[in-house]
Amino acid sequence: MSTSGGLHPADREHREAGPSLDELRARVAAERERPGYGHDALITCDRLVRIFSTDGVEVQALQGVDLTVAPGELMALVGASGSGKSTLLRILAGLDVPTAGRSVVAGCDLLTMGAAERLRYRREVVGFVWQQTAHNLLPYLTGIQNVAMPMQLSGGPAGSRWGRRRRLRAGRAADLLELLQVGHCRDRRPEQMSGGEQQRVAIAVALANNPGVVLADEPTGELDAETGAMIFDAFRTVNRELGSTVVIVTHDPAVAGEVRRSVAFRDGRASSEVLRRFATDEHGEESVEEREYAVLDRAGRLQLPRQFLEALGMEHRVEVSLEPDHVGVWPEHGTAPAAGRREDGVGEDGTGEGGAGEDVGRSA
Ligand SMILES: Nc1ncnc2c1ncn2[C@@H]1O[C@H](COP(=O)(O)OP(=O)(O)OP(=O)(O)O)[C@@H](O)[C@H]1O
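In this convention, every chain numbers its residues from 1, walking through the sequence in written order. pLDDT decides what is reported in this predicted model: residues at 70 or higher carry local features, side-chain atom pairs at 80 or more are listed and counted, and totals for whole chains, interfaces and linings draw on all residues regardless. Excluding hydrogens and water, the side-chain values take into account all heavy atoms of the structure.

### Concerning the site of the ligand
By convention in this text, a residue qualifies as near a molecule or strand provided that one of its non-hydrogen atoms is within 4 Å of it. Close to the ligand lie 13 residues, the nearest being Ser81, Gly82, Lys85, Ser86 and Thr87. With respect to the ligand, the backbone of glycine 82 contributes an N or O atom lying 2.8 Å from an oxygen atom. We define a polar contact as two N or O atoms separated by no more than 3.5 Å, with the added condition that, inside protein, one atom must be a possible hydrogen donor and the other a possible acceptor, whereas residues neighbouring each other in sequence contribute only through side-chain atom pairs. Interatomic distance of 3.0 Å between a backbone N/O atom of glycine 84 and an oxygen atom of the ligand. In this description, accessible areas are obtained by the Shrake-Rupley approach with a 1.4 Å probe, and a residue is regarded as covered only by the protein chains that are shown. Within the complex, the protein chains bury 61% of what would otherwise be the 630 Å² of accessible surface of the ligand. Every helix listed is a DSSP run of H or I at least four residues long, and every strand listed is a run of E at least two residues long, numbered separately from the N terminus. Breaking the shell around the ligand down by element, the ones donating at least two residues are β1 (43-54), β2 (57-69) and α3 (85-92). Residue contributions to the shell around the ligand peak at three residues, all from α3.

Okay, here's the thing in structure tokens:
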């Protein structure tokens, strides 16, 4: 590994001498005072692993996922089939337990929760909406009864008498149906609703106990594009008006393109993120600025985009160089396509950004 390029001689001398005792003490003190990973997040996944064993064959569905989601975020998880998105969502929903690692949602540790706490977690801390519209609702109950059911199961909202509690539940259920623009479905059973209406009622059900987090697995997967857009609008309303944190797994590029942050999964890990900024100019024209980042995990690993590796013939080993403001990654000596690389790892333009290497870590 080369770490020379671009350093000031005084800095290089300092680095070679190593840190002084005072510097080491200061580092230890700073480390001790540093807030823990995910301290300000609502959802924290820390090196999360899930291994399935079927007939003696092990599948590593999650291979050390690091992910934090801030309170009030509306974000998407995307990625190829089999990359681990649904496995992660089921763990976050409290329906499955990770093999190793740590995951904390709204202060609840998903690895150590007991059965009673897990039940309370699933009823009150998270709400979920699944792809199959039919799975989200009880077929023999009306819209309003479906929304009131989770409140009934958890005993809320609090009130002194049974009759009063029932009225409060019915009032909140009706309010949620109105918020999601399906007030007209209050007395209809699911078979009397369209697919889009069923999903909006399902979102109301997910919100019944006022959970901090709403998880949705392909909620637009069974719907046409127009209805899918309406469902996504419903999630946006929930996020904006009720402050719920929303995580949506989706294959739908239209949905992924509408959120500020989408995290792409690859081979059981979060591999890249797209952050978007939506702006409206003085003429009312809307624009989106997108920036794609590779995810650097807590062990310092990152996945370079597959097309970068293929374009530069990188495999097995790469050369890495520390530059003053970024890290350069180069194909192993002698394996690169010829263009733009000098022996010292600096591109032909002398900037440290040679055409054959990938620079990572440059500040955004
Ligand atoms: N219960 C299970 N038993 C065995 N293997 C499983 C189980 N659930 C998931 N897997 C495997 O784990 C890997 C990740 O699956 P997962 O469903 O999380 O992927 P995904 O990204 O959600 O895919 P899709 O977009 O197709 O739903 C896959 O290889 C899958 O076959």
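### Some points on the packing of aromatic side chains
In this scheme Phe, Tyr and Trp rings, the latter by its six-membered ring, pair at centre separations within 6.5 Å, and the angle between planes marks the pair as stacked below 30 degrees, edge-to-face above 60, and tilted otherwise. In the structure shown here, the tally under the stated rule is one aromatic pair. Centre to centre, the rings of phenylalanine 128 and tryptophan 130 are 5.2 Å apart; their planes meet at 35 degrees, and the pair counts as tilted. To sort residues, take the accessible area from a 1.4 Å probe on protein chains only and compare it with the maximum for the residue type: under 20% means buried, over 50% means exposed, and anything in between is partly exposed. Judged by its relative accessible area of 22%, phenylalanine 128 falls in the partly exposed class.

### Notes on the pairing of strand β10 (residues 269-280)
Two elements, strand β9 (residues 261-266) and β10, share six bridges in a ladder whose sense is antiparallel. Across the sheet, the residue bridging to alanine 264 is serine 272, located in β10. A pair of strands is treated as paired once DSSP finds two or more bridges between them. Here β9 folds back onto β10, and the loop between the two strands holds two residues, one of which, aspartate 267, carries a positive phi near 50 degrees.

### Concerning unusual backbone geometry
At alanine 106, a position not held by glycine, the phi torsion is positive, near 45 degrees. On the secondary structure map, alanine 106 appears in the loop between β4 (100-105) and β5 (108-109). The exposure class of alanine 106 is partly exposed, given its relative accessible area of 39%.

### Brief notes about the packing of helix α6 (residues 143-154) against helix α8 (residues 195-206)
A fitted line through C-alpha atoms serves as each axis, taken over the contacting stretch for helices, and the angle formed by two N-to-C directions is quoted from 0 to 180°. α8 packs onto α6 with a crossing angle of 25 degrees between their chain directions and a minimal axis gap of 8 Å. Classified by the angle their axes make, α6 and α8 are roughly parallel. Crossing handedness for the pair α6 and α8: right-handed. Taken together, the residues of α8 that come into contact with α6 (itself represented by Gly143, Asn146, Val147 and Pro150) are Val201, Ala204 and Val205. Orientation is classified from the angle alone, with under 35 degrees giving roughly parallel, over 145 giving roughly antiparallel, 65 to 115 giving roughly perpendicular, and any other angle giving oblique. Put simply, a crossing is left-handed when the front helix is turned counterclockwise from the back one by less than a right angle, and right-handed when it is turned clockwise. By the convention used here, residues are in contact when the closest approach between their heavy atoms is within 4.5 Å.

### Side note on the pattern of salt bridges
Salt bridge, as applied in this entry: a Lys or Arg side-chain nitrogen positioned within 4 Å of an Asp or Glu carboxyl oxygen. Under the definition given, this model contains 16 salt bridges. Linking arginine 25 and aspartate 22 is a salt bridge whose minimum nitrogen-to-oxygen distance equals 3.1 Å. Residue arginine 25 and its partner aspartate 22 are both found in helix α2 (residues 21-33); the two are separated by three residues, about one turn of the helix. The exposed category is assigned to aspartate 22, whose relative accessible area is 57%. For arginine 236, the salt bridge is made with glutamate 258, and the minimal N-O distance between the two is 3.3 Å. With a gap of 22 residues between them, arginine 236 in helix α9 (residues 225-242) and glutamate 258 in the loop between α10 (253-256) and β9 connect regions that are remote in the sequence. Among the charged side chains, a salt-bridge network with shared partners connects Glu73, Arg261 and Glu273.

### Quick word on the sheet that holds strand β3 (residues 74-79)
Strand order across the open sheet formed by seven strands is β6-β7-β8-β3-β9-β10-β11, with mixed pairing between neighbours. This sheet does not close on itself; its edge strands, each paired only once, are β6 (126-129) and β11 (286-294). Averaged over all adjacent pairs, the angle separating strand axes in this sheet is 20 degrees, with direction ignored. Across five bridges, the pairing between β3 and β9 is parallel. Along β9, the bridge assignment pairs leucine 77 with valine 263. Sitting on the sheet, α3 is in contact with β3, β6, β7 (213-217), β8 (245-249) and β9, with an inclination near 150 degrees to β7. On top of the sheet, helix α4 (residues 115-125) reaches β6 and β7; it is set at about 70 degrees to β6, its chief contact.

### Re the confidence of the model for the protein
Along the chain, pLDDT gives the predictor's confidence residue by residue, from 0 to 100. Of all residues in the protein, 85% have pLDDT values of 70 or greater, and the mean over the chain is 83. For the protein, the element scoring lowest by mean pLDDT is strand β14 (residues 358-360), at 59; β7 scores highest, at 95.

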